[in-house]
Amino acid sequence: MASVTCSHVPPTPHPEPKTPQGCEECLKSGMQWVHLRLCLSCGHVGCCDNSPGKHATKHARRTDHPVIQSYEPGEDWGWCYVESRELGPFPPARHA
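Here goes a summary of the coordinates provided. (Residues numbered from 1 in each chain as written. Predicted model: local features only at pLDDT ≥ 70, side-chain atom pairs only at ≥ 80, totals over all residues. Heavy atoms only, no water.)

Glancing now at the overall build of the protein. Across its full length, the protein carries 2 helices and 5 strands. The linear arrangement of helices and strands in the protein, starting from the amino end, is α-β-β-α-β-β-β. A compact globule built from 96 residues should have a C-alpha radius of gyration of about 12 Å, and the protein, at 12 Å, falls within 12% of that. Seen through its C-alpha atoms, the protein measures out along the principal axes to roughly 40 × 25 × 20 Å. (Helix = DSSP H or I, 4+ residues; strand = E, 2+ residues; numbered from the N terminus. Rg over C-alpha atoms; globule rule 2.2 N^0.38 Å.)

Our focus in this paragraph is the nonpolar core. If you look at the biggest cluster of nonpolar residues, it comprises 15 residues, and the most contacted ones within it are Cys6, Val9, Leu38, Val67, Tyr71, Leu87 and Phe90. Looking at this core, the elements with two or more residues in it are strand 1 (36-39) and strand 2 (45-47). (Core = buried A, V, L, I, M, F, W, Y, C linked by side-chain atoms within 4.5 Å. Buried < 20%, exposed > 50% of the residue type's maximum accessible area, 1.4 Å probe, protein only.)

This paragraph deals with the pairing of strand 3 (residues 67-70). Residues Val67 and Gln69 point to one face of strand 3 and Ile68 and Ser70 to the other, with burial holding for every one of them. Here strand 1 runs beside strand 3; their pairing, made up of 3 bridges, is antiparallel. Considered in strand 3, the bridge of Arg37 is made with Ser70. (Pairing = 2+ DSSP bridges.)

The next point concerns the pattern of salt bridges. Scanning all chains against the criterion turns up 3 salt bridges. The salt bridge partner of Glu25 is Arg62, with a shortest N-O separation of 3.8 Å. On the criterion of sequence distance, the pair formed by Glu25 in helix 1 (residues 24-29) and Arg62 in helix 2 (residues 55-63) is long-range, its members being 37 residues apart. In this structure, Arg85 and Glu83 form a salt bridge, with 2.7 Å as the shortest nitrogen-oxygen distance. Arg85 gets classed as partly exposed once you look at its relative accessible area, which sits at 32%. Looking at Glu83, the relative accessible area reads 32%, which means it is partly exposed. (Salt bridge = Lys/Arg side-chain N within 4 Å of Asp/Glu carboxyl O.)

Another aspect to go through is the state of the cysteines. The final tally for this structure, using the stated rule, is 0 disulfides. Free of any disulfide, Cys39 has its nearest cysteine sulfur in Cys42, 3.8 Å distant. With relative accessibility at 2%, the residue Cys39 sits in the buried group. Not engaged in a disulfide, the cysteine Cys47 finds its nearest cysteine sulfur in Cys26; these two sulfurs lie 3.8 Å apart. For Cys47, a relative accessible area of 0% puts it in the buried group. (Disulfide = S-S within 2.5 Å.)

Glancing now at the environment of Val67. Tracing the chain through its elements places Val67 in strand 3. A relative accessible area of 1% places Val67 in the buried class. Taking the C-alpha atoms as reference points, Val67 and Cys48, separated by 19 residues in sequence, lie 13 Å from one another.

This is how it looks when you write it as C-alpha cells:
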C-alpha cells in the first residue's frame, strides 16, 4: 500500500504517549473505552468515536490538533480531522 499523508501531519509525528495505559480522560473519570487514538501533535491518548466519551475527537476540536493515529497494537492507520480522510501507513505507535 502506498503511503497516504497530508499537509496536516506534524514534521515529527511520533510524540511520546502521555498516558500509554489508556484514554487520559477515561482514566480520570472511570469511563470505559472501545479503541484508543494518539494525537500526533502532542501525544494525548484519547478514546475513539465508538467509545462513550469520544475523547480523541473532543481533544482535536478543543486544541485544533488535526491528526491522530490508531493506538491499537498492530494498526498503522491515521485520520486527518481537517480533510476527513484516512492516512497511513504510519510506523507503529509506542506502547507501554
